[in-house]
Amino acid sequence: MASAAAVWSISDLFCLFLLFTAVTTDENTTSYNLNTTEFAKDNFTYNVTDISAFLTDVTESASPTPTPGYSSTQYPVTPTLPAEPLPVSGRLLTPATNVASLCPCDQNKDLCDINCCCDRVCGEEEVALFTSCSVRTVSGNKQLCIRDVASYSLKSTTDGYSELQLSVQKERNYDIFCIHTQNRVDGLSHPPPVLPTDRNFDSLFKQFTSFFFGSEENSGQVSATELQASSGYQYGDVMATAGESGQRGIFWLPAPGVTADCVDTSPAAFLKEQSSRCSRRVVLEQHCSTLPAISMDTYTNIQLFAGKNKDTAVVPVQVASVVLQSLEGTQTELKTSEGEIFNPVLLNTTACANVVLKVVYVMKYSPAGQIVSLMVSLVLGFVQEAALPLEQEFHITFVQQAGEDAAVRSSGNPGYVVGLPLVSGQRTAEGIVRSVDPKGTLSVLHSTEDQDCLQGPHQRSPVLFGLDSVSGCTLRLEDAANCSLVSQVLLDVLRGPNYPQYVAAFGNSPLDNPLDWVPIKNSFSLGEGQSCSIPLSLHLEIEWTKYGSLVNAQAQVVSVKEVIQTNSSSLALLTGGSSQLSVRSSVAFVSVSAAALPGFRAAPTINAKLPFDFFFPFV
C-alpha cells in the first residue's frame, strides 16, 4: 500500500508539472504573438469618427485566437448617450475633442510604437530613429464646416536623426450641408427632430431661423486670447450691437426666408453687401403704431460695437436723409433735425402714414476692420389697405475709410464693363481729380412722376456704360417768367452738381495721366440781353470703340459730346396750348469700332547663299 501510494503521488506530481508547463507555454506564446504584431499600414489619414472602429479592427486582427466567451456581437460597443435634453436657450456646449491628443497608431500602452509620431510615450531618443510617420494627419469630423487637423512630419537634423514636427490647423468645409456648430460635448448624438405640422410650423420656423444664421446666444464660446488677437471684424463676421444696459446683440437686416415674408432675425455680415426685398403682412388698425418693423426708430436707434473686443468704442447710427413718398410715387426729402423721429400715424382705417418702405445703410470701416461710422437713409411713405401686403427694401454697402491715398472704384480693367458708371473728373494743374463719392460722377436726371424742374430735390442716376437712357422733368410756364434766371437753373438741373470736364478713356485710367482722359465737348453758352433762350434738352453722345486684340477686346471711350437744344420760338407755341413743357435729358452710346480685318503673315522668302567653293573642283 505504501509503495502504491508513493507511485500515485509521484504520478500526480508529474501530471501537475506537465499541466503547469503547458499553461506557461500557452501564455508565453500568446504574449509573444501580441508583441510581434506589426502595423503594416503607412501614410493614412484618420478621422475622429473612424478611430473607434479602427482600434476595434486592429485589436481583433492582432489577437491570434479569439478569447473564449467573448465576441463583438455579444458585447457591442455603443457610444454613451447624454441623458440631459438639448438646451433650449443659452450658449451651446463646445465639442471637447482635441485632435492633437488622439493617436490611432498607439497600440501598446506605456510603450513606444515604431514610426507612430503621435504616440506620447515616445521620447526624443525613440523619435530620432523614426524613418517615417505611419499616421500623418488626424482630423475631426468631416461633416463640420470648420474642423481641426493635426499634421505630423519628420525633419532631419544636422546629425542625420529625425525630429518630430506637429501642427494643428483649421480646415474649412465648403459643402452647403456642413455642420456649423456641434451642440453636444461628444458631438456624436442628437435628439430626434420634431416633425413639422401645420400647428407647430410657425414656432419651429422662428426657433431654427435664428439658430441657422448663427445668433450670438447659439454661437460657440471664443477664448479671450482669440478675441484679443482679432479685435477688428473680419469678412463674414456678424456685427454686434450694444443695448441700453450694455448687453451685446446682433445687427439684424431683414431678408426673405423660405417664402417672400420678411425674416427679421437675419444678421448682416461684415463686408458682405446685401440687397433684399420682402413682404410683410400688416393689419393697419392693429399694427400701424405698434409694429416695430415699420417704424423709423427701429432702424435708427441702433448702436454698434466698433470691434469685437468688449471694451471697444460704440458707434451710433446717423440719419443721412429721410425721403417722404406719396401715394402717387413722388418723393420729397424732409428736413430733419438731430434725433427727430417720424412715427407711423393712422390717418383712417384704410391708410397709415410714415411707414418705412426702404432702408439703406452705408457703413464706413477702417483697414483694421473697425467700424468708423454707419449712415442710414430711409424712405417713408403712405400705405393703404388695398396695397397690402407691404413690400420693404433693405440695402447695406461698405466703404473703406480714406487714408493718405484714397481708394477709388474703377469701372473696368482696363476696358469699361457694361453697366458700370463712367469715370469722370476735373482737370487741375497736378492732373485729374475725381470724387471718391459714387454720386460725384457724370449723371443724368432720374425720372419720377410729375417731377418739377424748378422745385427740388432732384434725384440723379449715374451714366452707365453701354446703357442708353432718357429722362426729364416738367417746366411750368408760369415759373418761366424770368428768362435769364430760369435758363441758368435749368442748365444746372440738367447737368447736375459738380459737372465734370473729362471722362476716362478706360475704366481704370490713372489720374496722373491727363492724356488718358477725354474732354467733354460742348459749345453752348447762355445768351445775353434780348437773345435769351431756355435749354429744353441735354443730350450726351458717347462714342466708344473696341481696343486691342479681337479675342479680348477692351471698350475705350474716344469722344464725349454734349448737345443742348434751346427754344427758337415762344414757349407758349411749343406747349400747344398747355401750361407745361417737358425738359429732357438723354444719353446715347455710339460704337465707332472698325470692322475686324483678318491678318496674314507674309510668305517667307528664301535668301540662301552658297559658299564660293561649293562646286569645287568641277568649276
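The structure under discussion appears in the preceding block.
The present account deals with the structure reproduced in this document. (Residues numbered from 1 in each chain as written. Predicted model: local features only at pLDDT ≥ 70, side-chain atom pairs only at ≥ 80, totals over all residues. Heavy atoms only, no water.)

Our focus in this paragraph is the overall build of the chain. Along the backbone of the chain there are nine helices and 26 strands. Sorting the 619 residues of the chain into buried and exposed places 32% on the buried side. Long-range pairs, those at least 24 residues apart, make up 65% of the contacts in the chain with a sequence separation of at least 6. When the accessible area of the chain is evaluated, it comes to approximately 39,400 Å², of which 55% is carbon and sulfur surface. (Helix = DSSP H or I, 4+ residues; strand = E, 2+ residues; numbered from the N terminus. Buried < 20%, exposed > 50% of the residue type's maximum accessible area, 1.4 Å probe, protein only. Contact = heavy atoms within 4.5 Å. Areas by Shrake-Rupley, 256 points an atom, 1.4 Å probe, with all protein chains shown as cover.)

So, on to the sheet that holds strand S25 (residues 554-566). Taken together, the eight strands give an open sheet; going across it, the order is S18-S17-S22-S23-S25-S24-S26-S21, and neighbouring strands pair in mixed fashion. Strands with a single pairing partner mark the edges of an open sheet, and in this sheet they are strand S18 (432-433) and strand S21 (469-476). Summarising the sheet, strand S22 (residues 502-504) and strand S23 (residues 517-521) pair through three bridges and their orientation is antiparallel. Bridge pairing links Val-503 to Val-518 in S23. Along the sheet face, helix H8 (residues 483-495) touches S21, strand S24 (535-547), S25 and strand S26 (580-591) and points at about 30° away from the line of S24. (Pairing = 2+ DSSP bridges. Axes fitted to C-alpha atoms, helices over the stretch in contact; angles between N-to-C directions.)

Before going further, it helps to spend a moment on the state of the cysteines. Here the structure, examined in full by the defined rule, presents eight disulfides. Between the sulfur of Cys-105 and that of Cys-116 lies a disulfide, 2.1 Å long from S to S. Judged by the sign of its S-S torsion, about 85°, the cystine formed by Cys-105 and Cys-116 is right-handed. Residue Cys-105 is located in the loop between helix H2 (48-62) and helix H3 (124-127), and its partner Cys-116 is located in the loop between H2 and H3; the two are separated by 11 residues in the primary sequence. For the pair Cys-105 and Cys-116, a shared accessibility class is recorded, and that class is buried. In this model, Cys-453 is linked to Cys-473 through a disulfide, with the two sulfur atoms separated by 1.9 Å. Where Cys-453 bonds to Cys-473 through sulfur, the torsion about that S-S bond is close to 105°, and the disulfide is right-handed. With Cys-453 in the loop between strand S19 (443-445) and strand S20 (460-462) and Cys-473 in strand S21, the pair connects residues that are 20 residues apart, well separated along the chain. (Disulfide = S-S within 2.5 Å.)

With respect to the element layout, Arg-147 can be found in strand S3 (residues 146-156). Of the residues examined, Arg-147 reaches a relative accessible area of 18% and is grouped as buried. Polar contacts involving the side chain of Arg-147 include one to the side chain of Ser-139, which spans 3.3 Å. (Polar contact = N/O pair within 3.5 Å; in protein donor to acceptor, adjacent residues only side chain to side chain.)

Let us now look at the pairing of strand S2 (residues 135-139). With four of five residues buried, S2 is to be regarded as a mostly interior element. Bridge count between S2 and S3: three bridges; the pairing is antiparallel. Pairing of Val-138 across the sheet is with Ala-150, part of S3.

For the structure shown, the criterion picks out nine aromatic pairs. An angle of 35° between the planes, with centres 5.6 Å apart, marks the rings of Tyr-233 and Phe-270 as tilted. Placement of Tyr-233 in the loop between helix H5 (224-229) and strand S5 (240-242) and of Phe-270 in the loop between strand S8 (262-263) and strand S9 (274-280) is noted, with a sequence separation of 37 residues between them. Comparing Tyr-233 with Phe-270, the two get one shared label, buried. Joined through ring pairs, the aromatic side chains of Tyr-233, Phe-270, Tyr-365 and Phe-398 make up one cluster. The aromatic ring of Phe-305 is capped on one face by Arg-248, whose charged end is 4.4 Å from the ring centroid. (Phe/Tyr/Trp six-rings, centres within 6.5 Å; stacked < 30°, edge-to-face > 60°. Lys NZ or Arg CZ within 6 Å of the ring centre and 35° of its normal.)

It is worth spelling out the nonpolar core at this point. With 38 residues, the main nonpolar core has Tyr-416, Leu-422, Leu-442, Val-463, Phe-465, Ile-542 and Phe-589 as its most contacted residues. Of all the elements in the fold, those that place two or more residues in this core are S19, S21, H8, S22, S23, S24, S25 and S26. If near-sequence neighbours (up to four positions away) are discounted, Phe-465 is found in contact with Tyr-416, Val-417, Val-418, Gly-419, Leu-420, Leu-422, Trp-544, Ala-555, Val-557 and Phe-589. Core analysis: the second largest hydrophobic core is formed by 34 residues, Tyr-233, Tyr-299, Leu-304 and Val-322 among them. (Core = buried A, V, L, I, M, F, W, Y, C linked by side-chain atoms within 4.5 Å.)

The end-to-end C-alpha separation of H8 is 18 Å, in line with the 18 Å expected for 13 residues at 1.5 Å each. In the core, the buried residues of H8 are packed alongside S19, S20, S21, S24, S25 and S26. Phi for Gly-496, located one or two positions after H8, is positive at around 90°. (Expected span 1.5 Å × (residues − 1).)

A separate point is the environment of Cys-278. Within the secondary structure, Cys-278 sits in strand S9. Separated by 114 residues in the primary sequence, Cys-278 and Gln-392 have C-alpha atoms spaced 5.7 Å apart. Apart from residues no more than four positions distant in its own chain, Cys-278 is found in contact with Ala-255, Pro-256, Ala-260, Asp-261, Cys-262, Leu-390, Glu-391, Gln-392 and Phe-394.

Inspection of every chain in the model, using the stated rule, returns seven salt bridges. The shortest N-O distance in the salt bridge between Arg-280 and Asp-264 comes to 3.2 Å. Pair noted here: Arg-280 is in strand S9 and Asp-264 is in the loop between S8 and S9, with a separation of 16 residues, a long-range link. Looking at Arg-280, the relative accessible area reads 9%, which means it is buried. Owing to a relative accessible area of 37%, Asp-264 belongs among the partly exposed residues under this scheme. Between Glu-562 and Arg-495 there is a salt bridge; the shortest N-O distance is 3.0 Å. Remark: Arg-495 occurs in helix H8 and Glu-562 occurs in strand S25; sequence separation between them is 67 residues. The class for Glu-562 is buried, based on a relative accessible area of 5%. (Salt bridge = Lys/Arg side-chain N within 4 Å of Asp/Glu carboxyl O.)

What follows covers a nonpolar patch on the surface. On the surface, Val-558, Val-590 and Val-592 cluster together into a nonpolar patch covering about 180 Å² of accessible area. Its place among the elements puts Val-592 in the segment after S26. (Patch = residues over 30% accessible without salt bridge, like charges linked within 9 Å, V, L, I, M, F, W, Y side chains within 5 Å.)

Our focus in this paragraph is a negative patch on the surface. Taken together, the side chains of Glu-124, Glu-125, Glu-126 and Glu-163 define an acidic patch exposed on the protein surface. If you trace the backbone, Glu-125 turns up in helix H3. The exposed category is assigned to Glu-125, whose relative accessible area is 68%. (Lys, Arg positive; Asp, Glu negative; His and termini not counted. Charge placed at Lys NZ, Arg CZ, Asp CG, Glu CD.)

Below, the discussion takes up the pairing of strand S12 (residues 331-334). Both strand S11 (residues 314-325) and S12 contribute to a ladder of four bridges, which runs antiparallel. Each bridged residue has a counterpart across the sheet, and for Val-323 the counterpart in S12 is Glu-333. Taking the residues between adjacent antiparallel strands as the criterion, S11 and S12 are bridged by five residues, where Gly-329 takes a positive phi near 105°.

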